[in-house]
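Geometric and topological summary
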Amino acid sequence: MSAVDEDGAVHGSAADQLREALSGTEQLVVRMGLEITAWNPDHLVGTLPVAGNRQPYGLLHGGANAVLAETLGSIAAALHTGASRQALGVDLSCTHHRSPTGQRVTGTATPLHRGRNLATYEITINDDDGNRTCTARLTCVLREHPSHPLPS
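Residues numbered from 1 in each chain as written. Predicted model: local features only at pLDDT ≥ 70, side-chain atom pairs only at ≥ 80, totals over all residues. Heavy atoms only, no water.

Let us look at the overall build of the chain. A count of helices and strands for the chain gives three helices and eight strands. Listed N to C, the secondary structure of the chain is β-β-α-α-β-β-α-β-β-β-β in terms of helices and strands. Across the chain, every contact between residues at least 6 apart in sequence was considered, and the portion connecting residues at least 24 apart equals 60%. Looking at the chain as shown, the accessible area adds up to about 8300 Å², and 51% of this sits on carbon and sulfur atoms. (Helix = DSSP H or I, 4+ residues; strand = E, 2+ residues; numbered from the N terminus. Contact = heavy atoms within 4.5 Å. Areas by Shrake-Rupley, 256 points an atom, 1.4 Å probe, with all protein chains shown as cover.)

The structure is reproduced here in structure tokens:
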């Protein structure tokens, strides 16, 4: 069971599950340098370095924005649905507005819809100067975790 303190921060099994999911050498988020900096039921924030995530023209790769957006939205949906269920991204759209300035981009996922079977999040990505560089929308299907099958 997870607890939410007066500041809205998540503690307990959801926080432990989040830390475990974001560690390990086989995780794309580790390889890309993505860090979760804040989370509560109403928003989840993470950063991604520009260095190491560029496309051949030297700009932040659009796919890096997509990874940041899908990771933040999926984690937010997973925190919403709880440990016995899982959130799987089924639709992601990204609009790239401008190239970021600075060393990092910061994404913030906020819920648009949190239901029993679907959750949709808007993810805004800003550069170090606060300029919006990307807006994304992610919909996740929420289903029973394979280790917690539905009773027959």
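Next comes the rest of the account.
Spatial strand order, E3-E4-E6-E7-E8-E5: six strands in an open sheet with antiparallel pairing. A single partner strand is all that each edge strand has here, and the edge strands are strand E3 (35-40) and strand E5 (85-96). Across this sheet, the average inter-strand angle for adjacent strands is 20°, counted without regard to direction. Both E3 and strand E4 (residues 43-49) contribute to a ladder of five bridges, which runs antiparallel. Counted as the bridge partner of Trp39 is Leu44 from E4. Together, E3, E4, E5, strand E6 (104-114), strand E7 (118-127) and strand E8 (132-144) form the strand contacts of helix H3 (residues 62-81), whose direction differs from that of E5 by roughly 145°. (Pairing = 2+ DSSP bridges. Axes fitted to C-alpha atoms, helices over the stretch in contact; angles between N-to-C directions.)

Such a bond, covalent and formed between the sulfur atoms of two cysteines, is termed a disulfide. One pass over the full model with this rule turns up zero disulfides. Note on Cys94: no disulfide assigned, nearest cysteine sulfur contributed by Cys134 at a separation of 4.6 Å. By relative accessible area, Cys94 is classed as partly exposed at 25%. (Disulfide = S-S within 2.5 Å. Buried < 20%, exposed > 50% of the residue type's maximum accessible area, 1.4 Å probe, protein only.)

Further remarks concern the pairing of E8. The pairing of E5 with E8 spans 11 bridges and is classified as antiparallel. Residue pairing for E8: Cys94 is matched across the bridge by Ala136. Taking the residues between adjacent antiparallel strands as the criterion, E7 and E8 are bridged by four residues, where Gly130 takes a positive phi near 85°.

The subject of this paragraph is the nonpolar core. Core analysis: the biggest nonpolar cluster contains 29 residues, and Leu44 and Ile123 have the highest contact counts within it. For this core, the elements supplying multiple residues, two or more each, are helix H2 (28-32), E3, E4, H3, E6, E7 and E8. Looking at which element gives the most residues to this core, the answer is H3, with eight residues. Residues contacting Leu44, with those up to four places away along its chain left out, are Ile36, Ala38, Trp39, Leu72, Ile75, Ala76, Leu79, Gly107, Thr108 and Ala109. (Core = buried A, V, L, I, M, F, W, Y, C linked by side-chain atoms within 4.5 Å.)

Residue placement: Gln55 occurs in the loop between E4 and H3. Looking at Gln55, the relative accessible area reads 19%, which means it is buried. Within the structure, the side chain of Gln55 is placed 2.5 Å from the backbone nitrogen of Tyr57, a separation counted as a polar contact. With residues up to four places along the chain from it excluded, the contact list for Gln55 reads Leu60 and His61. (Polar contact = N/O pair within 3.5 Å; in protein donor to acceptor, adjacent residues only side chain to side chain.)

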